[in-house]
Amino acid sequence: MLSGASALAEPIDADVLLQGGTIVDGTGKPGYPGDVAIKGNKIVGVGKLELGKVALTVDCKGLVIAPGFIDLHNHSDRQVIDPQTSGLVNYLTQGCTTIVTGNCGAGPVDVEEYHRKLAEAGVGANIAHLLPQGSLRSSVMGTALRDPSNEELEEMKRLTKKAMQDGAWGMSTGLIYVPGTYAKTEELIEIAKVVSQNNGIYASHIRNEGTNLLAAVDEALRIGKEAELPVHISHFKYSGRDAWGLVRRAVEQIETARAQGQVATADQYPYIASSTSLDATIIPTWALAGGRKALIERLDDPKQGARIRQTMTENLKKRN
Ligand SMILES: [Zn+2]
């Protein structure tokens, strides 16, 4: 459509002309030299253009002109609503014009309020938010290490429906983190069904990225299948020497699911390190139930304390 417009002899007036760059248009075809003309908030010409009046020309020689990047895995939920950082200059200067928040099960649950704060802060990029299941569970049942009652499950489903209707793009889980990790697969499926009914996706920091990687990928795919919604696996990897090689089989799992018609995707870091909190990876999750005070009491208890310390030592070894 746009190249059609440029083929017309009618000269194009533009507020801004990006001139002489290499255009990478996002369709997958190789980059090609050309201009991009912008009028108001619309792109009015791409390629070799017949130009009319141009208010501002930006020389793009040696530069790439591309659609804004989407930062699919972002944790700046607080910074995007903080007026000191909400301009998001750091993302914009890297080419990211849309960022996805609410990842790994943590972030704002009240999407209506979050959107209002984004507007108030004058956020500098587009924000697509995922309802974070860990924070959702925490808002209804704290850090209790048990299944939800019927009432609690219904309340989580009600809040999920509200979040989706307020504009969430789906739900995220962080199944190594407290309290998201306390949810069994069946509980997640029940909530994911509400997300599915509202056309959302399921994005997951899966339950294990070490020697139980394959079971964790299976769980994510099962949730997608039973709740009938697209599955996205976040920061797809294996972690730790004992899991070396497993990721190839995990790729096969995803490819098989896709071949069977399931919508399943994954993203990956472009480097070999990862980052998370120390307590999430070192302290056993059962020890964190009920909060910090309960953890300290357990650490002071001779039996439980010894068990926690032993597991912490084992977990440290696994990180090598
Ligand atoms: Zn994560």
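These figures come from a predicted structure and were not determined experimentally.

Calculation criteria
- Residues numbered from 1 in each chain as written.
- Predicted model: local features only at pLDDT ≥ 70, side-chain atom pairs only at ≥ 80, totals over all residues.
- Heavy atoms only, no water.
- Helix = DSSP H or I, 4+ residues; strand = E, 2+ residues; numbered from the N terminus.
- Buried < 20%, exposed > 50% of the residue type's maximum accessible area, 1.4 Å probe, protein only.
- Contact = heavy atoms within 4.5 Å.
- Lys, Arg positive; Asp, Glu negative; His and termini not counted.
- Charge placed at Lys NZ, Arg CZ, Asp CG, Glu CD.
- Phe/Tyr/Trp six-rings, centres within 6.5 Å; stacked < 30°, edge-to-face > 60°.
- Lys NZ or Arg CZ within 6 Å of the ring centre and 35° of its normal.
- Axes fitted to C-alpha atoms, helices over the stretch in contact; angles between N-to-C directions.
- Parallel < 35°, antiparallel > 145°, perpendicular 65-115°, else oblique.
- Left-handed = near helix turned anticlockwise from the far one by under 90°.
- Salt bridge = Lys/Arg side-chain N within 4 Å of Asp/Glu carboxyl O.
- Donors = N, O, S within 2.8 Å, 3.2 Å for Na, K, Ca; no water.
- Domains from an automatic or database assignment.
- Pairing = 2+ DSSP bridges.
- Right-handed = clockwise from strand over helix to strand, strands pointing away.

Undergrad: So what's going on with the overall build of the chain? Residues and values would help.
TA: Looking only at helices and strands, one finds 11 helices and 12 strands in the chain. C-alpha extents for the chain along the principal axes are approximately 80 × 45 × 40 Å. By the burial criterion, 42% of the 320 residues in the chain qualify as buried. Here the analysis covers contacts within the chain between residues at least 6 apart in sequence; of these, 72% occur between residues at least 24 apart. When the 34 basic and 37 acidic side-chain charges of the chain are each reduced to a single mean position, those positions are 5 Å apart.

Undergrad: Give a description of the packing of aromatic side chains that names residues and reports values.
TA: Under the defined criterion, the tally for this structure stands at one aromatic pair. Residues Tyr 269 and Tyr 271 carry aromatic rings whose centres are separated by 5.2 Å and whose planes lie at 10 degrees to one another, so their mutual orientation is stacked. In this structure Tyr 269 comes out as partly exposed when scored by relative accessible area, which is 22%. One cation-aromatic arrangement involves Arg 307 over Trp 286; the distance from NZ or CZ to the ring centre is 4.3 Å.

Undergrad: Can you break down the packing of helix H5 (residues 150-165) against helix H6 (residues 185-197) residue by residue, with the values?
TA: In a packed pair of helices, the relevant descriptors are the angle between the two axes and the axis-to-axis distance. At a minimum axis separation of 9 Å, H5 and H6 run at an interaxial angle of 30 degrees. With respect to each other, H5 and H6 are oriented roughly parallel. Crossing hand, H5 versus H6: right-handed. Counted together, Leu 153, Met 156, Lys 157, Thr 160, Lys 161 and Met 164 of H5 and Glu 187, Glu 190, Ile 191, Val 194 and Val 195 of H6 form the full contact between these two elements.

Undergrad: Can you explain the pattern of salt bridges? Please cite residues and give values.
TA: Within this structure, the stated rule accounts for 16 salt bridges. In this structure, the salt-bridge partner of Glu 187 is Arg 137, at a minimum N-O distance of 2.9 Å. Pair noted here: Glu 187 is in helix H6 and Arg 137 is in helix H4 (residues 133-141), with a separation of 50 residues, a long-range link. Note on accessibility: Glu 187 and Arg 137 belong to one class, buried. One continuous salt-bridge network, built from bridges that share partners, spans Glu 154, Lys 157, Glu 190 and Lys 193.

Undergrad: Residue-level account of the environment of Gln 304, with values.
TA: In this fold, Gln 304 is placed in helix H11 (residues 302-318). Spatially, the C-alpha atom of Gln 304 lies 8.5 Å from that of Ala 287, the residues being 17 residues apart in sequence. Setting aside chain neighbours within four positions, we find Gln 304 in contact with Trp 286 and Arg 298.

Undergrad: Kindly report on the coordination of the zinc ion, identifying the contributing residues and their values.
TA: Distances from the zinc ion to its protein donors, Cys 104 (SG), His 205 (ND1) and His 235 (NE2), fall at 2.0 to 2.2 Å. Motif for the zinc ion, donor spacing along one chain: C-x100-H-x29-H. Within this pair, whereas Cys 104 is found in the loop between strand E7 (96-101) and helix H3 (111-121), its partner His 235 is found in the loop between strand E11 (231-233) and helix H8 (246-259), the two being separated by 131 residues in sequence. Judged by relative accessible area, Cys 104 falls into the buried class, the value being 7%.

Undergrad: Before we move on, could you go through unusual backbone geometry and cite the residues and values that matter?
TA: Here Val 178 and Pro 179 are connected by a cis peptide whose omega angle stands at 5 degrees. Relative to the elements of secondary structure, Pro 179 occurs in the loop between strand E9 (170-174) and H6. Of note, the phi angle at Cys 104 is positive, near 60 degrees, even though the residue is not glycine.

Undergrad: Account for the domain arrangement of the chain, with residues named and values stated.
TA: The assigned domain composition of the chain is domain 1 (2-65), domain 2 (69-266) and domain 3 (278-318). Measuring from the centre of the C-alpha atoms in domain 1 to the corresponding centre in domain 3 gives 58 Å.

Undergrad: Describe the pairing of strand E10 (residues 201-205), listing the residues and the values that go with them.
TA: Burial analysis of E10 places four of its five residues in the buried class, the great majority of the element. Judged from the five bridges that link them, E9 and E10 form a sheet pairing that is parallel. Bridging from a neighbouring strand, Gly 174 pairs with His 205 of E10. In terms of handedness, the path from E9 via H6 over to E10 forms a crossover that is right-handed. Relative to E11, E10 runs parallel, the two being bridged by three bridges. Its bridge partner being in E11, Ala 203 is matched across the sheet by His 232. After leaving E10, the chain enters helix H7 (residues 213-227) and then returns to the sheet as E11, a path that is right-handed.

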